[in-house]
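# Tertiary structure, described
Listed here are the chains, written in short residue letters.
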Amino acid sequence: MRLSLILTDSQEYLTFLWPCVKMHYTQNGIVVVRRKKTVRSKYTFIEFLIFKFPLMFFVGLLYGMLGWTIVVSFTNWKGTAPNYDFAGFKWYRLMITLDRFHVDVANNLKWLSLGVIPTVILALFIAYLLELGSFRKLESYIRTLILYPVAMSFIVTGTIWSWMLDPDKGVFNTILRGVGLGFLQGRFTTNPSTATYWLILIFVWQYLGFSVIILQSSLRTAELRDMTESALIDGASRLRILLQIIIPNIRSGLLILIALLLISTLKVFDIVYIVTFGGPGTATDVLAFYMLLATFQQHLVSLGAGIGVVIFLIAASIVIPYTIYAFKKWFD
Amino acid sequence: MRKIVSVLIVLSVFAAVVFAGGEQEKATGTAAEERKLEIFHWWIGPGEREAADEWFKALHAKYPEVEVIENPVAGGGGVSHRVVLQSRLSAGLPPDTFQALGGAELKAYVDGNYLLPLDDLWTELNYRKVIPGPLANTFMFNGHPYGIPLNMHIQNILYYNKDLFNELGLTEPKNFDELMTVAAAIKEAKPDMYPLGLGTKEKWEAAFVLDLIILGEGGPEYYVKLFKGEIDVTKDKIFRTALEKLDKLKPYTYPYHANLTWDQSVSLVVAGDAAMVTMGTWAIGAFLNNKWTPGEDFGALTFPQSPKERYLLFHADSFILPKNSPHPGTVMDFLRVTASPELQIPCDVVQGGLVARIDIDPKVFPDPIRQEMQAYIRDNPTKLILDQHGSIAPASFSSEYWAAIAGFMAEDRPNIDKTLAQIGTLFTTYEVKKDAAWYVWP
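Everything numeric in this text was worked out from a predicted model, so none of it was measured. (Residues numbered from 1 in each chain as written. Chains lettered and ligands numbered in written order. Predicted model: local features only at pLDDT ≥ 70, side-chain atom pairs only at ≥ 80, totals over all residues.)

## A closer look at the pairing of strand β1 (residues 36-40) of chain B
Residue and element names in this part refer to chain B.
- With respect to burial, β1 is a largely interior element, four of its five residues being buried.
- Inspection of the sheet shows β1 paired to strand β2 (residues 67-70) by four bridges, in the parallel sense. Of the residues in β2, the one forming a bridge with Leu-37 is Val-68.
- In this view, the connection linking β1 to its parallel neighbour β2 by way of helix α2 (residues 48-62) has right-handed handedness.
- Relative to strand β3 (residues 97-101), β1 runs parallel, the two sharing two bridges. Bridging across to β3, Ile-39 finds its partner in Thr-97. (Buried ≥ 20, exposed ≤ 12 C-beta atoms within 10 Å, placed from the backbone. Helix = DSSP H or I, 4+ residues; strand = E, 2+ residues; numbered from the N terminus. Pairing = 2+ DSSP bridges. Right-handed = clockwise from strand over helix to strand, strands pointing away.)

Take a look at the structure:
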């Protein structure tokens, strides 16, 4: 229950930071309102230095930057020098008129759906297959093999895949030509209408092994094994066991995996930067990449900050409801 | 009580950090200036690294005591350089000097009030007289010169495989129609070869090809007016024709250009996959790296040369003097060296550009290509036009314009009306007319 630990911790921290703050929190479903009367700190100076200062620094840095980005997005910072004149929603209004912004949002949604769902489904099947008896001997080899991509950075995977996907000199097309299947050759990332899908494929490949490991660990509980065995004796098919016994029982693993994948696809930047640089044209552009270009190449700092806020809002609108939903399900 | 004490301590720690920074700044501004030069530049690629070393060789030949602290940023003059520089500048901690392109990029720093004008230095060096007028104009803002240009990159050059042209009995194409004829001839004789190499991964490369066509269609005045935002491209015939011609060039162009960077597009020619490529003077360095001899293995000509007069598109690297530079005296010495032939000759010969000073003998270049171009500029200094490569129009426009042209190049059946409307919107959205008004040509 690490997530819940973190939650309690943050509550503690909050009381710790502002001892006189009025606290609302839930205890067994009942909202408790408590005002701390005694303001005396229980901590010595050394404890303060060790615990409180780094925390304040962290909170200040993270949320300070977030707040600052929101502030800048409402200013009129255009060019190299800061300009903090209030500009209202000027840059947001500009943003929604930009073709590029629409391409980016569409691409980000493609990443969100196609980066997460196939990865989870594939990982589930692979994890299940590995757990089945017949693969026991091969299992450790296969696991190492599929775990390799996780150990590599996106810079490396991106470079390798851009070599493989090169339509002219790349591995795939060369092999296809070599075996006389030249008509199957693809344009891969150089075709504006399909380029994003090839990038998502790289992501799926990179995160598959990682997902398998997470799901495998939740598959390996004694209860689940007992249940599977009794279902087998009752004559249930393997597929039915997967769908009706395993999936409902590994919800916590799925929750963590999907949350991690959602976050990773939302902040996708490196694959795009390395493999296509947003191209052809703006076909594979994503919000995070455009944020960099708008801020530093176009010198439209407020626009860049605005795009950052949009990414944050998308992330919040997906991750927060999802987490609330998942927690409710989890603690039923 | 304890809480108050702890708050005070935190405040004092912050204060100490802040004041320590301030004191340091003050200490370095004193009369006995340290002989240090912190320099930001992006010349670290092959051919460029050697050229950058020539700067410091020239500097040390005259001022051996100067300690150079290099802070090179990988990734060319592109976005990675600006990320670091922008944060240093807006934090009020500029490096001693940094590399900047003349024109719109320099203007962005001048507008940000980060630079000091160099009127006295230009007068002292009589620099306006020794460099071509159009070059000097791209360093003049609000009537003051900023920065010392050290070279000129010519952009509108067509490189071609000389052996192949001899083998097929082709002559170098001097305008678009001849280019199409030559391309068709190459395609027919060598079906496996792409007549025109191209790489658009970094986006700006496709706009180079379009530049050649625009210059041939509309001539120099039109080119300048276009990038000053004085033309409505949605209604303009010349720009539409130029885009249509670019589209006609597609069947002869390397189709997977979205995957390649500019140097890889040059490598296509070296590898025999492509016959020609358009690129700036810096491609000479890339050819040399591949052991191709200029004038023997490959030929080059500025394009177009007919039917209209021959004009050269250029942009220039420079070094500048920022406000609050910690060692302004050393920077001034470095700028004096930058303006001198002792730095420009070795550096520009190695890096692949032309020298900024026209009083330098063009024979310093080992290859006939640059000898010819440098001599042409010496005799016709007014035939230079600042190119659109980060120069006339503001960067907010250029970056999106490149992406639009690269996207146009990547589409099999592009919609010309849509592209025109898109580019028209870019001109108005990013207020090109206002932001490019500084540029005066001729």
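That covers the picture; the talk isn't over yet.
## Examining the sheet that holds strand β12 (residues 312-315) of chain B
Residue and element names in this part refer to chain B.
- The four strands are arranged β14-β7-β12-β15 in an open sheet whose pairing can be described as mixed. Two strands bound the open sheet, and with one partner strand each, they are β14 (354-355) and β15 (384-386).
- Across two bridges, the pairing between strand β7 (residues 151-154) and β12 is antiparallel. Counted as the bridge partner of Ile-154 is Phe-314 from β12.

## Overview of the interface of chain A and chain B
- Contacts between the two partners involve 31 residues from chain A, matched on the other side by 33 residues from chain B.
- Where the side of chain A that touches chain B is concerned, the elements lending two or more residues are α2 (45-73) and α13 (287-297) of chain A.
- Here the side of chain A that touches chain B gets four residues from one element, more than from any other, and that element is α13 of chain A.
- The residue makeup of the side of chain A that touches chain B, split by class, is 14 nonpolar, 13 polar and four charged. (Contact = placed C-beta atoms within 7 Å. Nonpolar A, V, L, I, M, F, W, Y, C, P; charged D, E, K, R; others polar.)

## A word on the sheet that holds β1 of chain B
Residue and element names in this part refer to chain B.
- Taken in spatial order, the five strands of this open sheet run β2-β1-β3-β13-β6, and their pairing is mixed. Edge positions in the sheet fall to β2 and β6 (148-149), since each of these pairs with one other strand and no more.
- Here helix α4 (residues 104-111) sits on the sheet and contacts β3 and β13 (317-319); the angle it forms with β3, its principal contact strand, is near 130 degrees.
- Sheet strands touched by helix α14 (residues 328-338): β1, β3, β6 and β13. Its angle to β1, the strand with the most contacts, is close to 60 degrees. (Axes fitted to C-alpha atoms, helices over the stretch in contact; angles between N-to-C directions.)

## Quick word on the domain arrangement of chain A
Residues and elements named next belong to chain A.
- Domain annotation of chain A identifies domain 1 (2-77) and domain 2 (94-330).
- With seven residues of domain 1 in contact, the opposing surface of domain 2 contributes six residues.
- Residue composition of the side of domain 1 that touches domain 2, by class: three nonpolar, four polar and no charged. (Domains from an automatic or database assignment.)

## Considerations on the packing of helix α10 (residues 204-227) of chain B against helix α11 (residues 237-249) of chain B
Residue and element names in this part refer to chain B.
- Look at α10 against α11: their axes get within 8 Å of each other, and the N-to-C directions meet at 165 degrees. The angle between α10 and α11 falls in the class roughly antiparallel. In this structure, α10 crosses over α11, and the sense of that crossing is left-handed. Contacts between α10 and α11 pair Val-209, Leu-210, Ile-213, Ile-214, Glu-217, Gly-218, Tyr-222 and Leu-226 from the former with Ile-238, Phe-239, Thr-241, Ala-242, Lys-245 and Leu-246 from the latter.
- Counted by class, the contact of α10 with α11 contains 10 nonpolar, two polar and two charged residues. (Parallel < 35°, antiparallel > 145°, perpendicular 65-115°, else oblique. Left-handed = near helix turned anticlockwise from the far one by under 90°.)

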